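What follows is the residue order along each chain.
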Amino acid sequence: MADLVLYQRDYCHLCDQAIAVLAEARAPDFDSAWVDDSAELVTRYGTRVPVLRDDRDGRELDWPFDADAVRRFLDVESSTTGHQGKP
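For clarity, every value in this text was computed on a predicted model and none was experimentally measured. (Residues numbered from 1 in each chain as written. Predicted model: local features only at pLDDT ≥ 70, side-chain atom pairs only at ≥ 80, totals over all residues. Heavy atoms only, no water.)

S.K.: Provide a residue-level description of the state of the cysteines, including the pertinent values.
M.R.: On inspection of all chains with the given rule, the structure shows one disulfide. Between the sulfur atoms of cysteine 12 and its disulfide mate cysteine 15 the distance is 2.5 Å. Measuring handedness by torsion sign, the sulfur bridge of cysteine 12 and cysteine 15 sits at about 75 degrees and is right-handed. Here cysteine 15 falls in the buried class, since its relative accessible area comes to 0%. (Disulfide = S-S within 2.5 Å. Buried < 20%, exposed > 50% of the residue type's maximum accessible area, 1.4 Å probe, protein only.)

See the structure below:
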C-alpha cells in the first residue's frame, strides 16, 4: 500500500488531468481511492476531487495543482519523513 492516495471519481476529466500532472512531476507510486464507492468519502471529498493525500501525516493537496505544486508537496514529505520521491 502506497503512502500517497489520489481521491478521484469515475468519468472525472480533472482526475485524468491530475494523473497526468503526477506523472509529469514524477510522483512516487500512489493508490487511487474512488470517492463514489463510499458515502463517507463522498461527504469528505465529493466536491474537492481530485485530492492528493499523504496518509502518513494527513496533508492534502487539492486540485488545481501543477507539477511544481506536486514537487513542493513531495519535498515537504521527504523533509519530514526522510523519504525521497522518485528522481
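S.K.: So, the side chain of glutamine 8: which residues are in play, and what are the values?
M.R.: Looking at the secondary structure, you find glutamine 8 in strand S1 (residues 4–8). Polar side-chain contacts of glutamine 8 include one of 2.7 Å to the side chain of serine 32. Ignoring sequence-local partners within four residues, the contact set of glutamine 8 consists of Cys15, Ile19, Ser32, Ala33, Trp34, Val35 and Val49. (Helix = DSSP H or I, 4+ residues; strand = E, 2+ residues; numbered from the N terminus. Polar contact = N/O pair within 3.5 Å; in protein donor to acceptor, adjacent residues only side chain to side chain. Contact = heavy atoms within 4.5 Å.)

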